[in-house]
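# Commentary on secondary and tertiary structure
If you want the building blocks of each chain, they are given just below.
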Amino acid sequence: MNIVFVSSEAAPFAKTGGLADVCSALPATLQQLGHQVSVFLPAYRQIYDAGIPIETTGMGYCVPVGTREVWGEILKSTLPGSEVPVYFVRHDRYFFREGLYNSNGVDYQDNCERFIFFCRSVFRAIELLNIPVEILHANDWQTGLVPAYLATLYQNGRALGNRTELFGAELYPPQEAQPNRFWNKVRSVFTIHNMRHQGRFMQQEMELTGIDWKYFTFDKMEFYGQLNLLKTGITFADAITTVSPEYAKEIQTDDFGESLQGVLRYRSEAISGILNGIDTAEWNPETDPALAAAYNTETVFEKKPLNKAALQRECGLPESADTPLLGVVSRFDWQKGLDLVADVIPHFVESRGAQFVILGTGDPELERRFTELAARYPNNVAALIKFNSALSHQVEAGLDIFLMPSRYEPCGLNQMYSQRYGTLPLVRHTGGLADTVVGASDETIANRTANGFMSHWGTSDDLQKTVDWAIHCYDHRKEDWRQMILTAMKIDHSWRKSAGLYADLYERIQMLG
Ligand code: ADP
Ligand code: GLC
C-alpha cells in the first residue's frame, strides 16, 4: 500500500520523546514488509544537526493560512537504515527556531498557525510531487488537521480551498490546474500518542484553518469554546489508534480521557490499541557503539557489570558491583511520576546505600529537586540534567533497575529498552507498562514469566514498597534475578508484529465505502 506518515517528530531528525522513535521505526518496518512509505516533517532547525544530507526538491508553493498566502518549500532526505523518503516542509519563520514547540518552557504563541501551515503543505506537496497515497497516517495534535482536511477541503476528489477558490481566479490565477487526484480514495488514520497534549487554541484560530465554521461544533472541532486539534483528529479520522491496548481502554474512562472520554466512547468502534515496538537495530546491546562492553544473553553476566562500572565512573559515583544502581531516563513531566522517585531516594540511600542515576530535562522544579539530591548525596545520586542519546544507551546498559512509575503511560519505550538491555524495569500498572511488564511475585518468578517489577497505586509509599521488594530480590534472590534478566532480554519487542497490525488496519479502512 501507499502510506504517507505525517508527524511533528521523527528520529534522528527531530525528537523530544517516543513519538520520534515510533515515526521512524514504524515507517521503516512497513517498508520492509513491502509497502511504499514516505514521511512528512517540518524543517526545524534541528533537522540539519542529524548529520544526514538534506536536499532541495526545487519545489516551492503557496498555501492559504487564513487570508494570507504563505510560501513554502519542500526538502528531502531519507530515514537512515532504510529507503523511506522524508519530506520536510520548510518555512524558516515558523520552524527554524530553538525548540520544536517551545523555548525555555514557554509554548510558541503561533503553534496553531505553524501546524496549520504544516498540514496544508502536506496536501499541497503530495499533489505537486505526485506522491502515491492511499493512507494518510497522522500522529498527535500537531497533525490533527490532516484527517479534517481530507474529510472537508479535499473531499470528493477536489482540492478545494486553494488560492483560486478563496480569492477568486482573477486576483490570484491558479499556478497550475489541479489534477483530479485520488483524494476521495484516500483514508486517514490518527494515532494518539498522548491524550494530555491536545493543541487547544482560541476559537479565532479556526479562521486560519480554512475549514468552514460549520465544523466548529462540539462533535467535531470545538471544545468548551476553543479549537481542539486532538479532538479534530479523533472526530474526522477513518480509524483511530493508540499505542497500547491497555491505553486504548483507559482513555475511554473518566480517569484517563482528559475530558475527551465522551468523544472517544462515541468513536469506540473506530479505536484500536496497537503496541509500539522498538528499533531493535538501534537498541541492541550486542552492537551498541555507545556501550563500554557489548553483550548478549550468553555474556550478560560477565559484561553488563563492566557497563555498570563505566556508568558509575562517568557519573562520579564510587564503583561498586554489589550496590544496587537504579535510575531514570525521561522527560521531566507530571506524567512520569518522577516526583515520587525524588520522594523515595533518601530512604534507599540512607537504608541501603543505593545509587541513583537520573538523566532528563523538563519541569524546573524536578530539575531542582534532583540536583539538590545529587548535592546532598554525592556518592549516591547523579543528576544529569540534559538530553543525550548516547548517554541514554549507557544508562540503560549500566543500571540494575530502571524506574518508571508513570501516572499514565500510553506505551512507553524505555521499559522495553531496559528489558532488552537486561535492566529490570520497575513500573506502575498503567497503559503500555501494564502490557509489557510482568511484575515479579513468587508465582511469576516460579513460572519464569517475571521480567520486571510492578507498582499499582502511584503513591510514594507504594513506590517505596515496590523498590524495597526489588532491592530485596537483588540482594537475596540472585538466581531468580538472573532468570528475570534472561526472560526480559529474550522478549521480542521488534516492530514486525505491530507493523503487521497497522497494515491490516490500513487494508480494512481502504475497503470502507
Ligand atoms: P515519552 O515519549 O512520553 O517521553 P517514551 O518512553 O515513549 O516516553 O520515549 C522516550 C524517548 O525519549 C526514549 O527514546 C528515551 O530514551 C528518550 N529520552 C527521554 N529523555 C531523554 C534524555 N534526557 N536523553 C536522551 N534520551 C531521552
Ligand atoms: C508518547 C507517550 C509514550 C509513548 C510515545 C510513543 O510520548 O507518552 O508513552 O511511548 O508517545 O508512542
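Here the structure is a predicted model, which means the values were calculated and not measured.

Neighbouring ligand 2 are 13 residues; His 193, Asn 276, Glu 409, Cys 411 and Gly 412 lie closest to it. Gly 412 places a main-chain nitrogen or oxygen 2.8 Å from an oxygen atom of ligand 2. In the complex, 93% of the free accessible area of ligand 2, which totals 310 Å², lies under the protein chains. Residue contributions to the shell around ligand 2 peak at 3 residues, all from helix 1 (residues 18-32).

Another point: the sheet that holds strand 9 (residues 187-192). Strand order in this open sheet of 9 strands is 3-4-5-2-1-8-9-13-14, and the pairing throughout is mixed. Every interior strand has two partners, whereas the edge strands, strand 3 (55-65) and strand 14 (271-273), have only one. Pairwise comparison of adjacent strand axes, ignoring direction, gives a mean angle of 25° for this sheet. With 3 bridges connecting them, strand 13 (residues 239-242) and strand 14 associate as parallel partners. When the bridges of strand 14 are listed, Thr 242 appears paired with Gly 273.

Next up on the list: the sheet that holds strand 12 (residues 226-228). Each strand in a sheet pairs with another by means of backbone hydrogen bonds, the pair being arranged parallel or else antiparallel. Ordered by their spatial adjacency, 3 strands build an open sheet running 10-12-11, and the pairing between neighbours is antiparallel. Looking at strand neighbours, the two that pair on one side only are strand 10 (200-201) and strand 11 (222-223), the edges of this open sheet. Sheet analysis places strand 10 next to strand 12, joined by 2 bridges and oriented antiparallel. Within the sheet, the bridge partner assigned to Phe 201 lies in strand 12 and is Leu 227.

Turning to the site of ligand 1, a few remarks are in order. As a matter of local geometry, ligand 1 sits amid 22 residues, with Gly 18, Arg 331, Lys 336, Lys 386 and Leu 413 nearest to it. In this structure, Asn 388 approaches ligand 1 through a main-chain N or O atom, which is 3.0 Å from a nitrogen atom. In this structure, Asn 414 approaches ligand 1 through a side-chain N or O atom, which is 3.3 Å from an oxygen atom. Here ligand 1, which alone exposes 560 Å², has 94% of that area covered by the protein. Those elements giving two or more residues to the shell around ligand 1 turn out to be helix 1, strand 15 (325-332), strand 16 (355-362), helix 13 (389-398) and helix 14 (414-420). It is strand 15 that provides the largest number of residues to the shell around ligand 1, a total of 3 residues. Its residues placed into classes, the shell around ligand 1 shows 6 nonpolar, 10 polar and 6 charged. In this structure, the shell around ligand 1 is formed jointly by two domains, domain 1 (2-277 + 496-510) and domain 2 (300-492), each of which donates at least three residues.

For the protein, the assigned domains are domain 1 (2-277 + 496-510) and domain 2 (300-492). One C-alpha centre belongs to domain 1, the other to domain 2; they are set 35 Å apart. Counting residues at the interface gives 18 residues for domain 1 and 18 residues for domain 2. Both sides together, the interface formed by domain 1 and domain 2 hides about 1,400 Å², and carbon and sulfur atoms give 60% of it. The largest contributions to the domain 1 side of the interface with domain 2 come from Arg 196, Glu 246 and Leu 275, which together make up 26% of the buried area. Linking domain 1 with domain 2 are 0 salt bridges, by the criterion used here. Linking domain 1 to domain 2 there are 8 residue pairs in polar contact (both at pLDDT 80 or more).

The next subject is unusual backbone geometry. Across the junction of Ala 11 and Pro 12, the peptide omega takes the value 0°, indicating a cis bond. Topologically, Pro 12 is positioned in the loop between strand 1 (2-6) and helix 1. Phi is positive for Asn 104, close to 50°, though the residue is something other than glycine. Relative to the helices and strands, Asn 104 is located in the loop between strand 6 (102-103) and strand 7 (106-107).

Thresholds, definitions, all that
Residues numbered from 1 in each chain as written. Chains lettered and ligands numbered in written order. Predicted model: local features only at pLDDT ≥ 70, side-chain atom pairs only at ≥ 80, totals over all residues. Heavy atoms only, no water. Near = heavy atom within 4 Å. Polar contact = N/O pair within 3.5 Å; in protein donor to acceptor, adjacent residues only side chain to side chain. Areas by Shrake-Rupley, 256 points an atom, 1.4 Å probe, with all protein chains shown as cover. Helix = DSSP H or I, 4+ residues; strand = E, 2+ residues; numbered from the N terminus. Pairing = 2+ DSSP bridges. Axes fitted to C-alpha atoms, helices over the stretch in contact; angles between N-to-C directions. Nonpolar A, V, L, I, M, F, W, Y, C, P; charged D, E, K, R; others polar. Domains from an automatic or database assignment. Contact = heavy atoms within 4.5 Å. Buried area = accessible area lost by both parts, 1.4 Å probe. Salt bridge = Lys/Arg side-chain N within 4 Å of Asp/Glu carboxyl O.

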